[in-house]
Amino acid sequence: MGAVAKKENHLYDATENSSHGEDQAAFFTALTKSQAMIEFDLNGLASSANENFLKLMGYELADVKGKSHSAFCENTDGAQSAEHKMIWERLSRGECVNGEFKRIGKNGRDVWVIASYTPIMDESSRPYKVVMVATDISGIKAELKVRTDIMNLTSIVSEGDLRGDILSLNDKFCEVSKYTREELIGKPHNTTRHPDMPKEVFKEMWATIGRGKVFRGVVKNRAKDGSPYYVDAVIAPIMGDNGKPKKYLGVRYDITTLETERQNMQAVLKAIDAAYAYIEFDVNGNVLTMNKNFMDVMGYSLEEAKGKQHRVFCDPVYANSPEYAQFWPDLRSGKSKSGIFKRITRSGKEVWLQAAYSPVTDEVGRVIKVLKIATDVSDQQRMIFSIQESATTLSSASDELTATATEMSSNANKTSKESEQAAEPRGHRTGHDDRPDRGDARDGVGAAGQRRVQPLRHLRDDLEADPHRQQEDREEPDEPGRRVLADGLGRAWTMAPLAAGVIAAWIAPFMARRKLIRPSSCCAI
């Protein structure tokens, strides 16, 4: 650059004896219109500034002239700041200084610029003044600050060197990890690594970011007090001029609560999957998925059932009923269904399921699918049906027993009267045998009782036919009383086999299921 001439309120390079003078003047004019520019002497005192600089900083030219460079710096004692000293030491040696700087405008307003401080040389190549050319980035910095503030509020942020040692970290990192900043700066990032984390995850991470790519994954960490915490981690390399990473930025989101809930829910679903039949439907009743227990009960594979309508599992009569027509509208409206349901397997077999249909809603309460959890109660249901059938049979037998008991009571009264008559002295009797015909008494207890008491009758008849017994009867004065008593006993014994037979018929199916007796053995009672 040639000798520099100065005009009041203007900065320009007046290059003498140069064929490119006009081009350089045009370039300088364009630069002045687009950039903020200010001129200092080697003592750091402002001598001139263009309109862009005055507008950016909020000053008039008269306010700027003679003002020290330190007045535009953040510290009021800017002349003594390390940054200020570094800039002017380098400039005095003829070196340029470039970077991003925070400057203070009029009324203390923060102004961020990307600036270049360039020393201007005289004919002997010694600097005699400095020109600063700056671009306003305050708007970008303000937006970046908002983004950074949000990130610091919501995220765990740190920077690491190429070895993974921590260079910087935010307050959130300290809050979640329970370490202080001093305990972590300069320490490796694996200080917070949980021993449960597989080493392969970190090998993959280093391989990814080492190639200049971004890594993302869920990482389980350990806080200073030993408690675990989970993060959704994003690690990105910051590339250097050579195209290789020069450091790494890590942004992590604390997902401990969500991850803990997810693991708990996963454990619950695993327990349900192991113990129950489970199936999912869309809101129209089409199968989405099912577990192995449901496949085993219904005889379908997932491929066979997926996409089928719920009605294929129902009895055709029920599937065409008004009750079923309301079944899915109720579920779509958020109403749960529970109870014991009859369903039809792939082979056409009836099964009974104790089940709950539960609508699943999204965050605004809309039903998005329906879950069914069920257990097979077919054996219990068939037992209940058998009990109900046996109860009906017992009710019929009870009616018969009641009638027989009534008749037996009547016959007992009659027998009692006959016994009293038979007990009277022989001389007081008329000689007429009023003993009732045994055949009539037998007819009174009913056909079922007659068949069951037949062996007792044969025994009684044998006793009556015994000659010794007949001799004893002739010798005993109350022989008519004995006959009447035998008739009474016959009627009483008629009832016992009948009642025992009914009870045996009722309990036989249940005892047979438990293999306590053979089904046919009860019939001998």
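Calculation rules
- Residues numbered from 1 in each chain as written.
- Predicted model: local features only at pLDDT ≥ 70, side-chain atom pairs only at ≥ 80, totals over all residues.
- Heavy atoms only, no water.
- Helix = DSSP H or I, 4+ residues; strand = E, 2+ residues; numbered from the N terminus.
- Buried < 20%, exposed > 50% of the residue type's maximum accessible area, 1.4 Å probe, protein only.
- Contact = heavy atoms within 4.5 Å.
- Polar contact = N/O pair within 3.5 Å; in protein donor to acceptor, adjacent residues only side chain to side chain.
- 1 Å grid on protein atoms, 1.4 Å probe; cavity = no way out; pocket = protein on both sides within 12 Å on 5 of 7 lines; lining within 4 Å.
- Points joined across faces, edges and corners; volume = space filled by probe spheres on them.
- Nonpolar A, V, L, I, M, F, W, Y, C, P; charged D, E, K, R; others polar.
- Pairing = 2+ DSSP bridges.
- Axes fitted to C-alpha atoms, helices over the stretch in contact; angles between N-to-C directions.
- Salt bridge = Lys/Arg side-chain N within 4 Å of Asp/Glu carboxyl O.
- Phe/Tyr/Trp six-rings, centres within 6.5 Å; stacked < 30°, edge-to-face > 60°.

J.: Hey, could you go over the overall build of the protein chain for me, with residue numbers and the actual values?
T.: A tally of regular secondary structure across the protein chain gives 19 helices and 15 strands. Counting over 525 residues, the protein chain shows a buried share of 34%. In the protein chain, the proportion of contacts linking residues at least 24 apart, taken out of those at least 6 apart, comes to 45%.

J.: Describe the environment of methionine 298, listing the residues and the values that go with them.
T.: Tracing the backbone shows methionine 298 in helix H10 (residues 292–298). A relative accessible area of 1% means that methionine 298 is categorised as buried. As for methionine 298 and lysine 349, which are separated by 51 residues in sequence, their C-alpha atoms are 8.8 Å apart. Dropping the residues within four chain positions of it, methionine 298 is found in contact with Phe313, Arg343, Ile344, Thr345, Arg346, Val351 and Leu353.

J.: Lay out the side chain of glutamate 280 with the relevant residues and their values.
T.: Within the secondary structure, glutamate 280 is located in strand E11 (residues 277–281). For glutamate 280, the side chain forms a polar contact with the side chain of lysine 369, separated by 3.1 Å. Contact partners of glutamate 280, with chain neighbours within four places excluded, come to Asn286, Val287, Leu288, Thr289, Lys369, Val370 and Leu371.

J.: Describe the layout of surface pockets, with residues and values.
T.: The computed volume of the second largest pocket comes to approximately 440 Å³. Around the second largest pocket sit 28 residues that line it, and His189, Asn190, Phe202, Met205 and Arg252 are the ones nearest its centre. Those elements that provide at least two residues to the lining of the second largest pocket are strand E6 (156–160), helix H8 (199–210), strand E8 (215–222), strand E9 (228–239) and strand E10 (245–254). Partitioning the lining of the second largest pocket into residue classes produces 15 nonpolar, eight polar and five charged.

J.: Hey, could you go over the sheet that holds strand E15 (residues 367–376) for me, with residue numbers and the actual values?
T.: In spatial order, the strands read E12-E11-E15-E14-E13; together these five strands make up an open sheet with antiparallel pairing. Each edge of the open sheet is held by one strand with a lone partner, namely strand E12 (287–290) and strand E13 (337–344). Taken over all neighbouring pairs, the strand axes of this sheet differ in orientation by 30° on average, direction set aside. Here E11 pairs with E12 via three bridges, running antiparallel. When the bridges of E12 are listed, isoleucine 279 appears paired with methionine 290.

J.: If you had to explain the pattern of salt bridges to someone new, which residues and values would you point to?
T.: For the coordinates displayed, the defined rule picks out 24 salt bridges. Lysine 224 serves as the salt-bridge partner of glutamate 183, at 2.7 Å between the closest nitrogen and oxygen. One end of the pair, glutamate 183, is in helix H7 (residues 181–184); the other, lysine 224, is in the loop between E8 and E9, with 41 residues separating them in the sequence. With a relative accessible area of 28%, glutamate 183 lands in the partly exposed category. Between arginine 216 and aspartate 232 there is a salt bridge, and its shortest N-O distance comes to 2.5 Å. Taken together, the residues arginine 216 in strand E8 and aspartate 232 in strand E9 connect sequence positions 16 residues apart. Taken together, the shared-partner salt bridges connect Arg90, Arg93 and Glu95 into one network.

J.: Before we move on, can you summarise the pairing of strand E2 (residues 46–49) with the specific residues and values?
T.: In the sheet, strand E1 (residues 36–41) pairs with E2 via three bridges, with the strands oriented antiparallel. Of the residues in E2, the one forming a bridge with glutamate 39 is serine 48. In textbook terms, the turn of a hairpin is the stretch between consecutive antiparallel strands, and for E1 and E2 this stretch comprises four residues, one of which, glycine 44, has a positive phi near 85°.

J.: Would you mind going over empty space enclosed by the protein in detail, with residue names and values included?
T.: One pass over the full model with this rule turns up two cavities of 30 Å³ or more. The volume enclosed by the largest cavity comes to roughly 70 Å³. Surrounding the largest cavity, Ala36, Phe40, Phe53, Leu56, Met57, His69, Phe72, Arg103, Val113, Tyr117, Met132 and Ala134 form its lining. Counting residues per element, the ones that place at least two in the lining of the largest cavity are E1, helix H2 (51–57), strand E4 (110–121) and strand E5 (127–136). Counting residues per element, the lining of the largest cavity draws most heavily on H2, at three residues. Approximately 30 Å³ is the volume attributed to the second largest cavity. Lining the second largest cavity are Phe281, Phe294, Met298, His310, Phe313, Arg343, Leu353, Tyr357 and Lys372. Taken together, the residues of the lining of the second largest cavity break down into six nonpolar, one polar and two charged.

J.: Would you mind going over the packing of aromatic side chains in detail, with residue names and values included?
T.: Taken as a whole, this structure holds 15 aromatic pairs when the rule is applied. Taken together, a centroid distance of 5.5 Å and an interplanar angle of 70° make the contact between phenylalanine 281 and tryptophan 328 edge-to-face. Within this pair, whereas phenylalanine 281 is found in strand E11, its partner tryptophan 328 is found in helix H14 (residues 327–332), the two being separated by 47 residues in sequence. Looking at phenylalanine 281, the relative accessible area reads 0%, which means it is buried. Summarising the aromatic geometry, the rings of phenylalanine 327 and phenylalanine 341 are spaced 6.3 Å apart at their centres and angled 85° between planes, so their arrangement reads as edge-to-face. Taken as a pair, phenylalanine 327 in helix H14 and phenylalanine 341 in strand E13 lie far apart in primary sequence, 14 residues in all. Given a relative accessible area of 3%, phenylalanine 327 falls into the buried group. Relative accessible area serves as the criterion here: at 13%, phenylalanine 341 is assigned to the buried category.

J.: Account for unusual backbone geometry, with residues named and values stated.
T.: Of note in the backbone geometry, asparagine 107 takes a positive phi value of approximately 65° without being a glycine. Topologically, asparagine 107 is positioned in the loop between strand E3 (97–104) and E4. What makes asparagine 107 exposed here is its relative accessible area of 79%. Phi angles above zero are rare outside glycine, and lysine 178 is one such case at about 70°. If you trace the backbone, lysine 178 turns up in the loop between helix H6 (171–177) and H7.

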